[in-house]
Amino acid sequence: MPWPVDPQGPLARSIADLYWLMFGAAIVVLAIVVGALVVAGIRFRERPGHQARQYHGNNLLELIWTVVPTLMVISFSVLSFQRLTLVNDVDSGTAMTIKAEGKQWVWSFQYPSDPAFKLSDGTYLKAAEELHIPAGQKVKIELSSVDVIHSFYVPKLGGQKDAVPGRATEMWIQADRPGTYAGQCIEFCGTGHADMLITVVAQNPADYAAWQDAAVKQANLFNDPAVAQGKQFFTTLACAGCHTIQGLTGGKVGPELTHIMSQKTPIGGVAGLDVNEANLIKWVSNAPSLKPGIAMPVFSNKAGGPLDDATILAIVKFLETLK
Ligand code: CUA
């Protein structure tokens, strides 16, 4: 449903209320103006037996159609300024501050320097595309851009602000209840503008903590020296010749592994061999023993002996980052 009929946060609701008030007033004005026009056109038209009289000036009427619109415009200005003040009130009662950086054509989110977001390399969680916030809490968004002007807008949560290169801008969002809210960059910023989406996921405290934990673990995977080493092994050893990982390798013989950890089918289609660390280790060590006749051989090291456990584990640790 469009946001004015389905606002999901206090800011969006406040803006929607004014939207409907203005919409209602516009309908009333339209009805009065068009109604008067039609009535006057019919009643006072020149016709046989009726001569249209010429008027000049009517103080009362002119006063009404000057004063009423003036009062309307003034009240709407006051109400709009109240909303603007609310949009700009980023600091009172704020539960969390997240930095959102616009870049052609993706938003990335830097979570607060809070122990819960701390990664193993001492930095704090940074993620793109999906923004996770606690439901029912006010979240301040600090906007920046590294290239051109972008604009952050999640209609059902309200407010909209530009991210301008070289200038800090701020806004806030709040979701009444858990849910997923779609947003979009709404300042034309180049060919990928239409794809510069924002997905806000609001969660209750338990789900938020669980997500926090999983996201930090996932990010830490990339800080694991074994992962970096495994990636190097994967791209320099035989693996790369047969397997595609989007953006990394282009082998065509074996199955693509870009999202191996998300696949629902077992490894190599072998029943019972679900995708997990233990099974991946077995598979990389000796695939033919699990699926006889398979093209993937048992690999050896440079000296001709079997691959050592550390190398296999590093490769598997790297595979585990492919979700
Ligand atoms: Cu970024 Cu449009």
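Each remark here, short or long, concerns the structure printed above.
Quantities reported herein were computed from a predicted structural model and do not represent experimental measurements.

Quick notes on the rules
- Residues numbered from 1 in each chain as written.
- Predicted model: local features only at pLDDT ≥ 70, side-chain atom pairs only at ≥ 80, totals over all residues.
- Heavy atoms only, no water.
- Axes fitted to C-alpha atoms, helices over the stretch in contact; angles between N-to-C directions.
- Helix = DSSP H or I, 4+ residues; strand = E, 2+ residues; numbered from the N terminus.
- Parallel < 35°, antiparallel > 145°, perpendicular 65-115°, else oblique.
- Left-handed = near helix turned anticlockwise from the far one by under 90°.
- Contact = heavy atoms within 4.5 Å.
- Nonpolar A, V, L, I, M, F, W, Y, C, P; charged D, E, K, R; others polar.
- Buried < 20%, exposed > 50% of the residue type's maximum accessible area, 1.4 Å probe, protein only.
- Arc of directions from axis to C-beta.
- Polar contact = N/O pair within 3.5 Å; in protein donor to acceptor, adjacent residues only side chain to side chain.
- Pairing = 2+ DSSP bridges.

**With respect to the packing of helix α6 (residues 277-285) against helix α8 (residues 309-319)**
Contact geometry of α6 with α8 gives a least axis separation of 9 Å together with a crossing angle of 125 degrees. Taken together, α6 and α8 sit at an angle that is classed as oblique. Between α6 and α8 lies a crossing whose hand is right-handed. Of α8, the residues touching α6 (which contributes Glu277, Leu280, Ile281, Val284 and Ser285) are Ile312, Leu313, Val316, Lys317 and Leu319. In terms of residue class, the contact of α6 with α8 is made up of 7 nonpolar, 1 polar and 2 charged.

**Comments concerning α6**
Along α6, the residues classified as buried are Asn279, Leu280, Trp283 and Val284. Viewed along the axis of α6, the buried residues span an arc of 130 degrees, placing them on a single side of the element. If you follow the buried residues of α6, they end up packed against α7 (287-290) and α8. With a side-chain oxygen positioned 3.3 Å from the backbone nitrogen of Ala278, the residue opening α6 is Asn276.

**A short note on the pairing of strand β2 (residues 106-110)**
Relative to β2, strand β1 (residues 94-103) is paired through 5 bridges, and the arrangement is antiparallel. Paired with Glu101 across the two strands is Ser108, which belongs to β2. Joining the antiparallel neighbours β1 and β2 is a turn of 2 residues. Of the pairings in the sheet, the one linking β2 to strand β3 (residues 126-128) comprises 3 bridges and is antiparallel in character.

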